[in-house]
Amino acid sequence: MYRFIVNILLVICFSPALLSQKIEVKHLERIGYISESYLCVEVTETDTVWSLNLYDRDLKEKMLLIIKTSDNKILKLSPDRHTEHYETDSITTSPLTGEPIRHCHTEHYLSYTITTTALQYLVEHGVTKMRVGTITNWQEKVWKRNEWGKSLAKAYKELKKRISPDYVPPKKPTIYDGF
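Computed from a predicted structure; not experimentally measured.

Enquirer: Any chance you could explain unusual backbone geometry here in plain terms?
Expert: Peptide bonds are trans in most cases, and residues, glycine excluded, mostly fall at negative phi. The phi dihedral of Asn72 is positive, around 65 degrees, even though this residue is not glycine. Inspection of the secondary structure puts Asn72 in the loop between strand 4 (64–69) and strand 5 (74–77). Accessibility expressed as a relative area gives 54% for Asn72, which makes it exposed.

Enquirer: Sorry, what's going on with the packing of aromatic side chains here?
Expert: Remark: the centre distance and the inter-plane angle together describe each pair of aromatic rings, the angle taken between the planes. What the rule picks out here adds up to one aromatic pair. For the ring pair Trp50 and Tyr156, a centre distance of 5.0 Å and an interplane angle of 55 degrees mean the geometry is tilted. One end of the pair, Trp50, is in strand 3 (residues 48–56); the other, Tyr156, is in helix 3 (residues 147–163), and 106 residues separate them in sequence. Residue classification places Tyr156 among the buried positions, given a relative accessible area of 7%.

Enquirer: Would you explain the pairing of strand 7 (residues 100–114) in this entry?
Expert: As defined by bridge partners, strand 3 adjoins strand 7 across seven bridges and the pair is classed as antiparallel. Its bridge partner lying in strand 7, Ser51 is registered against Thr113. Of the pairings in the sheet, the one linking strand 6 (residues 81–93) to strand 7 comprises twelve bridges and is antiparallel in character. Within the sheet, the bridge partner assigned to Thr93 lies in strand 7 and is Pro100. Taking the residues that link successive antiparallel strands as the turn, the strand 6-strand 7 hairpin has six residues, and the phi of Gly98 there is positive, at about 80 degrees.

Enquirer: Before we go on, may I ask you to explain the sheet that holds strand 4 in this structure?
Expert: Within a sheet, neighbouring strands are paired by backbone hydrogen bonds and run either parallel or antiparallel to one another. Taken together, the four strands give an open sheet; going across it, the order is 5-4-8-9, and neighbouring strands pair in antiparallel fashion. Each edge of the open sheet is held by one strand with a lone partner, namely strand 5 and strand 9 (138–142). Adjacent strand axes in the sheet meet at a mean angle of 15 degrees, parallel and antiparallel pairs treated alike. Of the strand pairs in this sheet, strand 8 (residues 127–133) and strand 9 are connected by five bridges, and their pairing is antiparallel. Its bridge partner being in strand 9, Arg131 is matched across the sheet by Glu140. Strands in contact with helix 2 (residues 116–125) are strand 4, strand 5 and strand 8; relative to strand 4, the strand with the most contacts, it is inclined by about 45 degrees.

Enquirer: How should I be thinking about the nonpolar core in this particular structure?
Expert: As a rule of thumb, soluble globular proteins bury nonpolar side chains together. Ranked by size, the top nonpolar core spans 26 residues in total, and within it Leu39, Trp50, Leu52, Leu65, Ile67 and Ile114 carry the most contacts. Mapped by element, the contributors of at least two residues to this core are strand 2 (36–43), strand 3, strand 4, strand 7, helix 2, strand 8 and helix 3. Excluding residues within four positions of it along the chain, Ile114 makes contact with Trp50, Ser51, Leu52, Leu75, Leu77, Leu119 and Leu122.

Calculation rules
Residues numbered from 1 in each chain as written. Predicted model: local features only at pLDDT ≥ 70, side-chain atom pairs only at ≥ 80, totals over all residues. Heavy atoms only, no water. Helix = DSSP H or I, 4+ residues; strand = E, 2+ residues; numbered from the N terminus. Buried < 20%, exposed > 50% of the residue type's maximum accessible area, 1.4 Å probe, protein only. Phe/Tyr/Trp six-rings, centres within 6.5 Å; stacked < 30°, edge-to-face > 60°. Pairing = 2+ DSSP bridges. Axes fitted to C-alpha atoms, helices over the stretch in contact; angles between N-to-C directions. Contact = heavy atoms within 4.5 Å. Core = buried A, V, L, I, M, F, W, Y, C linked by side-chain atoms within 4.5 Å.

Laid out in structure tokens, this is it:
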């Protein structure tokens with residue numbers, strides 16, 4: 001009897017975590033100096049959260065993301081999450097002591113939550129200009145043919161397909177296929 005109650009409590013406590021999934025698509029066009037940008041969706045049983053994520057060594061904690069559409073509407077996003085990750089560039093040996101020296105740099109991840117309505121608006125109207133930075137120091141990228149908006153539309157379409165209940169992931173090839 002006690003074992004049955006414990007099993008029910010475990011299912012109730014851990015089921016929301018098991019139903020949550022996070023999917024990322026790295027199809028987005030480069031934004032100026034930013035090394036990577038990608039669209040991410042996190043799906044739980046009660047909510048779907050979309051976010052634009054930027055990854056680069058030159059990013060800082062409070063950098064704004066300002067997006068201008070083809071009809072001159074402006075969307076201003078502030079980062080929700082900031083994560084630092086240390087990347088090792090090389091390991092050398094000290095000529096004096098013989099100890100290894102690790103040369104590394106810091107990579108920053110910034111996550112900007114975006115509503116479904118704003119995301120659909122960007123996909124429909126396209127993106128002509130984007131700025132990333134602080135109030136006094138920023139980098140910008142201007143597009144004449146909406147390359148970033150097209151890649152955003154492609155990523156959005158792919159993620160919507162993946163989170164649909166009818167989606168079946170493609171089978172990964174095994175060592176036995178085609179042998």
